[in-house]
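# Chain and residue survey
Spelled out from the first residue to the last, the chains are:
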Amino acid sequence: MEISNRLTKLPSQFFATLVKKVAVAVSEGRDVINLGQGNPDQPTPKHIVQALQKAVENPDTHKYSPFRGTDEFKQAAADFYKREYNVDLDPDSEIAVLFGTKIGLVELPLALMNEGDLFLLPDPGYPDYLSGAGIANVTYDTMPLHSEHGFLPDYKELTDKQKEKAKLLYLNYPNNPTGATASLAFFDETVQLAKCNNIGIVHDFAYGAIGFDGDKPVSFMQAEGAKEVGIELYTLSKTYNMAGWRVGFAVGNAKMIEAINLLQDHLFVSIFPALQHAAATALSSSQECVDELVNLYEGRRNTLINECNRIGWKVNAPKGSFFAWLPIPEGFQSEEFADYLLAKADVAVAAGNGFGTFGEGYVRIGLLVDEGRIIEAISRIEKLNIFKP
Ligand SMILES: Cc1ncc(COP(=O)(O)O)c(C=O)c1O
């Protein structure tokens, strides 16, 4: 049986190769410090686990969920946006429940785009945006993110033709992989671009909870008129260490939300009700666990940046997310440098070109191991004598 043309055209999963390389090194008995992945290392807070345990004992939760998710979860999501961002949302028409945001990001081009429409994606960017383009079989152009422009797209670089054909535009701040954050002024500019050119905006707010130095990341929904032009995707994966639970939601523009819901009516019967109850508990309870998590990542970030600077690796501190985006030394390509660190120092990092053409020249490091391991990783790199203190 041949697989469909649609599947043969999908982009290759760049990071599957990294996982394999690390697995080979580990199977050889090497003590690999894996800074290459994006999987939160801390457990889900106890009160959320207990909420699931209790809910699962109630047979009512064993039935099908309502197609579009439970009222309790959607109301909790609306209350969360009101409390955290002062944004008003109607739980029925302006919130869609998602099995994690990866699925939403892949569903959106399928739900909203037609032949001839153009999809605008950031480069570097989260690789699964390309999976969405591939599955929907739509054309995309990339918007380069340069360090001189704070890793924000420069809308002045878009051509008239791109603006005319664009139907959807994806953004992601705090940003994976660069760790950059966006200001409300940038989101205001985005709303203007969208209104003038009739472009739907999708803001991937996966790292919305993780801002450093006391700066709370801005929600796209806080920009005036955002709801008229776009939506925001929020996941519980990072905020509450619930990556394996697969739960998130989209908020904002009612037409875009309806398109997701319509597609999902045909694909799913929403998430296990007990899990939706636990997710509602996460959003509605004390957020002290989130503050503790952000402090933990900030401590790791400070250690990493101090250690890099100590050995002469000149790097900038990320402002949010749990990633650091580090320029590689001259004479290397990103993938070559990542392979070199794995071979010579048993340190795994993600090569920047895996996130797009403009990721070349960088590697991404995840702040997902404890500070002792970060110090150990950088001291192993120090011994390679590539940097001059
Ligand atoms: C930028 C970005 N968006 C979305 C996701 C997907 O998160 P989830 O599907 O767990 O909600 C990730 C996960 O790593 C991510 O890094």
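Here, the structure is the one placed above.
Residues numbered from 1 in each chain as written. Predicted model: local features only at pLDDT ≥ 70, side-chain atom pairs only at ≥ 80, totals over all residues. Heavy atoms only, no water.

Take the packing of helix 13 (residues 288–311) against helix 15 (residues 371–382) next. At their nearest, the axes of helix 13 and helix 15 sit 9 Å apart, and the two run at 15 degrees to each other. If you check the angle between helix 13 and helix 15, you find them roughly parallel. When the axes of helix 13 and helix 15 are compared, the crossing they make is right-handed. Here Gly299, Arg300, Thr303, Leu304, Glu307, Cys308, Arg310 and Ile311 of helix 13 lie close against helix 15, whose contacting residues are Glu371, Ile374, Ile375, Ile378, Ser379, Ile381 and Glu382. Taken together, the residues that form the contact of helix 13 with helix 15 break down as seven nonpolar, three polar and five charged. (Axes fitted to C-alpha atoms, helices over the stretch in contact; angles between N-to-C directions. Helix = DSSP H or I, 4+ residues; strand = E, 2+ residues; numbered from the N terminus. Parallel < 35°, antiparallel > 145°, perpendicular 65-115°, else oblique. Left-handed = near helix turned anticlockwise from the far one by under 90°. Contact = heavy atoms within 4.5 Å. Nonpolar A, V, L, I, M, F, W, Y, C, P; charged D, E, K, R; others polar.)

So, on to the environment of His146. Within the element layout of this structure, His146 appears in the loop between strand 4 (139–144) and helix 7 (160–165). Take His146: its relative accessible area is 27%, and that puts it in the partly exposed class. Distance in space between the C-alpha atoms of His146 and Asp339 is 24 Å, their sequence separation being 193 residues. Not counting residues up to four positions away in its chain, the partners in contact with His146 are Phe151 and Phe358. (Buried < 20%, exposed > 50% of the residue type's maximum accessible area, 1.4 Å probe, protein only.)

A few words now on the packing of aromatic side chains. What the rule picks out here adds up to 30 aromatic pairs. Centroid distance Phe332 to Phe337: 5.0 Å. Interplanar angle 65 degrees. Geometry classified as edge-to-face. For the residue pair Phe332 and Phe337, the accessibility class agrees, reading buried in each case. Grouping aromatic residues by their ring pairs yields a cluster made of Phe73, Phe80, Tyr81, Tyr85, Phe205, Tyr234 and Phe249. (Phe/Tyr/Trp six-rings, centres within 6.5 Å; stacked < 30°, edge-to-face > 60°.)

Let us now look at the nonpolar core. With 109 residues, the main nonpolar core has Tyr81, Tyr240, Phe249 and Trp313 as its most contacted residues. With nine residues, the top contributor of residues to this core is helix 13. Counting 22 residues, the second-largest nonpolar core is a separate cluster that includes Leu98, Tyr129, Leu168 and Ile260. (Core = buried A, V, L, I, M, F, W, Y, C linked by side-chain atoms within 4.5 Å.)

Here we take up the side chain of Arg364. Along the polypeptide, Arg364 turns up in strand 12 (residues 362–366). Lacking a salt bridge, the buried Arg364 has Asp128 as its closest oppositely charged neighbour, with an N-O distance of 10 Å. Only 3.1 Å separates the side chain of Arg364 from the backbone oxygen of Gly36, close enough to count as a polar contact. Residues in contact with Arg364, not counting those within four places in the same chain, are Leu35, Gly36, Gln37, Gly38, Asn176, Pro177, Phe323, Ala324, Trp325, Val349, Ala350 and Phe355. (Lys, Arg positive; Asp, Glu negative; His and termini not counted. Salt bridge = Lys/Arg side-chain N within 4 Å of Asp/Glu carboxyl O. Polar contact = N/O pair within 3.5 Å; in protein donor to acceptor, adjacent residues only side chain to side chain.)

This part covers the sheet that holds strand 7 (residues 230–235). Strand order in the open sheet formed by seven strands is 2-8-7-6-5-3-4, with mixed pairing between adjacent strands. Either end of the sheet is taken by a strand with one partner, and the two such strands are strand 2 (95–98) and strand 4. Neighbour to neighbour, the strand axes of the sheet diverge by 20 degrees on average, direction disregarded. As defined by bridge partners, strand 2 adjoins strand 8 (residues 248–252) across four bridges and the pair is classed as antiparallel. (Pairing = 2+ DSSP bridges.)

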